[in-house]
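Given next are the chains, with one letter for each unit.
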Amino acid sequence: MSIKALHVRLGLGAILFSALLFFIAIPNWVSSPSNVRNIVLAPTFWPNILAGLMAVTGLGLILTSRQAHAIGETEDEPDGAWLRLLGVAVIMALTMYALSRLGMVWTSMLAFAATAFLFRTRYPVTALVCAVVVPLLLYAFFAHVAGVAVPQGNFVRLP
Amino acid sequence: MSFADSLMAGLSLVGNPSAFFALFCGIVIGVIGGAIPGLSATMAVALTLPFTFAMQPINGILLLLGVYKGGIFGGSIPAILIKTPGTPASSATILDGYPMAERGEAGRALGMALWASCTADLVSNLSLILFAGWLASFALNFGPPEFFALILFSLTIIAGVSGDSLLRGALSALLGLLLATVGLDLVYGTNRFTFGDPNMMGGLNFIAVLIGLFAIPEIIAMARHPTAHLGTARSLGHARATLADYLKSLKSIIRGSLIGVFLGSIPGIGAAPSAFLSYSEARRTSKNKANFGKGEIEGVAASEAGNNGVAGATLIPLLALGVPGDVITAIIIGAFMIHGLQPGPMMFILNVDIIYGLFIGLIVSSVFLFLVGTVAIHGFKFVADVPRRILMPAVLVLCVFGVFAVNNNIFDVGVMFAMGWVGYAMMRLHIPAAPFLIAFILGPLLEDNFRQSMLMSGSDPSILFRGPITWFFWTLTAITVFAIARSTARATRIARGMGG
């Protein structure tokens, strides 16, 4: 993507986002009491100002896209990049799902191993050992030194 | 309280092994973190932050300051050995450091980098001690309108200097300001973008946002390109930096340190511009001008002095005004808040023991940096050999534990992941993350001070221009905006000239 195209897309995105804020997000999700005496003290004032500034910035990005200077070399997409990105997203979603069910330590072990293999590690045995040891060490610190109530899950509880 | 009393109070706080051990560990972690390309000093500080929760406030903050200082120096090691700066601040070190490494003089370049770093660090710490108290006593006169003008000025600078495009930086800062509005309104207590979720009523957790923005995108980027980091390290060689080398470069080191102090004390400038300015000044005034860029040891000294001179000075606005000088000090401000401390002029009255404890710790940190740095130069091979495809999953797990530990809330882990994807999208779209984070921190302060000013004046905006202090900051803001606009226009003209 050229720098000009990038600026045009960012500008359009900012203007669309600003419109979304003005017409949908602020009216629906920012509550303002009816007895506010002055507009500058209203809870909606600041978000509206920011939305306005975002629209102005978006416009600026589009108008100055011709003059924007290059950002360096563009990089080719490596093979299977999108699949791996999807893989990370799935690992993150599953981690969120499993944290309260399996517990933080077991979930972290699985997330560690899955991520290392997704990155095609050249040291699978080391990765597996670290996948077990690192979460246990972190559990020992946070649960026993910092006094954090680390989620234990419904199956195997750690001391 | 007299200076001697304050000093004694500080000494009583840090005069124990645990405080110095925390500082030492911080420097070790920082040097290792800075030396691993892609990890960066910022990420090292962010990842260390959760470990400070269980510590005494002074020990926790000293640990983070150690990571900060160690990280800035650590970044120079891969810059010289593998031509990959560990932190953006070390980019200027490559210019002469790597050619020296190619000539088999990596050990000499690294030695000079260490000496210059420690000297600049000391100068920077001394200036912090000298100026922070003075600035804080001046800032005691500030009310909401003055703070509003000051924070607006800080935001202007941050948006302007944290990338190669002013508008992309401004967009990033606006997104950060917008995200900071999430939660209950502070005056009326009504919901703003909470979507009915009680988890969002207190606003988004700062640690979750910062780790999401700075650590998670690196993990996602690694998934996209798992082998992008592979490189070859040069050997140290037999040549070492000598006292004669140091004395020859001393003028550039001192000049670079002072440039670092000056630029570091202005919120938002950061270490990289300071390193490049110091380097260009050294080249301009050097007798060996022609050697610069080909492996001139004075070039290494100047760039390292420039970037390390910033490290203590960025704490001047942090401690005296409560305004972060750069991204790392923005993270450190979070550590203060977690421990129930509010940096700013009142801290010099209410927590003077902590302030002076930090000053003492910072002076000692220069000595620790020298010791750790000497070992680190020889141990870099082991750091370089840490497989990043195992390191990054470990970072992921550390992030999950660390973010959860802040509030014992799984929701924060979700916020971190979400912010990670936002940060990755910003990385791909060349939108700098630094203005986002700093605006996220300064946003509520800006809005609160604005609304307090309006409440004080009965909504009369003229209160924002009520005295010489506000006028001073408004003038600075105007000058900065003008300077940024002019330099952007000049850069565009140069780019056009090169293109056509």
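Predicted, not measured: the structure shown is a model, and the values here were computed from it.

Trainee: Before we go on, may I ask you to explain the overall build of chain A in this structure?
Mentor: Looking only at helices and strands, one finds five helices and zero strands in chain A. Along the chain direction, N to C, the helices and strands of chain A fall in the order α-α-α-α-α. Relative to a compact globule of 159 residues, whose C-alpha radius of gyration would be 15 Å, chain A shows 24 Å and is clearly more extended. Seen along its three principal axes, the alpha-carbon backbone of chain A occupies a region of about 55 × 50 × 25 Å. For chain A, with 159 residues in total, the buried portion stands at 33%. Taking as baseline every contact in chain A between residues at least 6 positions apart, the subset at least 24 positions apart corresponds to 63%.

Trainee: Can you help me understand the overall build of chain B in this one?
Mentor: Broken down by element type, chain B carries 22 helices and two strands. Against the globule reference of 23 Å for 500 residues, chain B gives a C-alpha radius of gyration of 22 Å, in line with a compact fold. Oriented by its inertia axes, the alpha-carbon framework of chain B measures out at about 70 × 65 × 50 Å. Of all 500 residues assigned to chain B, the portion counted as buried reaches 62%. In chain B, the proportion of contacts linking residues at least 24 apart, taken out of those at least 6 apart, comes to 78%.

Trainee: Help me understand helix H6 (residues 91-102) of chain B, please; the structure alone is not making it clear to me.
Mentor: An α-helical turn contains 3.6 residues, so any two residues separated by three or four positions project in the same direction. All names here are of chain B. Between the first and last C-alpha of H6 there are 17 Å, a value that for 12 residues agrees with the 16 Å anticipated at 1.5 Å per step. With respect to burial, H6 is a largely interior element, 10 of its 12 residues being buried. For H6, the set of buried residues is Ala92, Thr93, Ile94, Leu95, Asp96, Gly97, Tyr98, Pro99, Met100 and Ala101. The secondary structure elements touched by the buried residues of H6 are helix H5 (76-81), helix H7 (106-139), helix H13 (271-285) and helix H14 (297-313).

Trainee: Explanation requested: the interface of chain A and chain B in the structure shown.
Mentor: A common way to state how big an interface is: give the accessible area lost once the parts meet. Taken residue by residue, the interface counts 62 residues in chain A and 55 residues in chain B. Mapped by element, the contributors of at least two residues to the side of chain A that touches chain B are helix H1 (3-29), helix H2 (45-63), helix H3 (81-102), helix H4 (104-118) and helix H5 (124-145) of chain A. With 10 residues, the single largest contributor to the side of chain A that touches chain B is H3(A). For the side of chain A that touches chain B, a count of residues per class yields 43 nonpolar, 16 polar and three charged.

Trainee: Where do I start with the domain arrangement of chain A in this structure?
Mentor: You can read the domains of chain A as domain 1 (3-63) and domain 2 (81-145). The straight-line distance from the C-alpha centre of domain 1 of chain A to that of domain 2 of chain A is 38 Å.

Trainee: What is the right way to read the nonpolar core from this model?
Mentor: When a protein is soluble and globular, its nonpolar side chains tend to lie buried together. Residues B:Ile211 and B:Leu437 are the most contacted members of the largest nonpolar core, which totals 214 residues. Per-element accounting of this core gives the leading share, 16 residues, to H7(B). Both domains that meet at this core, namely domain 1 (3-63) and domain 2 (81-145) of chain A, each give it at least three residues. What B:Leu437 contacts, discounting residues up to four positions off in sequence, is B:Gly176, B:Leu210, B:Leu213, B:Val327 and B:Ala330.

Trainee: Looking at this structure, how should I read unusual backbone geometry?
Mentor: Glycine aside, negative phi is the norm for most residues, and most peptide bonds take the trans geometry. All names here are of chain B. Although it is not a glycine, Phe195 sits at a positive phi angle of roughly 50 degrees. Looking at the secondary structure, you find Phe195 in the loop between strand E2 (191-192) and helix H10 (206-214). Phi at Asn408 is positive, roughly 55 degrees, even though this residue is not glycine. With respect to the helices, strands and loops of the structure, Asn408 is situated in the loop between helix H19 (388-407) and helix H20 (410-428).

Rules and cut-offs
- Residues numbered from 1 in each chain as written.
- Chains lettered and ligands numbered in written order.
- Predicted model: local features only at pLDDT ≥ 70, side-chain atom pairs only at ≥ 80, totals over all residues.
- Helix = DSSP H or I, 4+ residues; strand = E, 2+ residues; numbered from the N terminus.
- Rg over C-alpha atoms; globule rule 2.2 N^0.38 Å.
- Buried ≥ 20, exposed ≤ 12 C-beta atoms within 10 Å, placed from the backbone.
- Contact = placed C-beta atoms within 7 Å.
- Expected span 1.5 Å × (residues − 1).
- Nonpolar A, V, L, I, M, F, W, Y, C, P; charged D, E, K, R; others polar.
- Domains from an automatic or database assignment.
- Core = buried A, V, L, I, M, F, W, Y, C linked by C-beta atoms within 7 Å.

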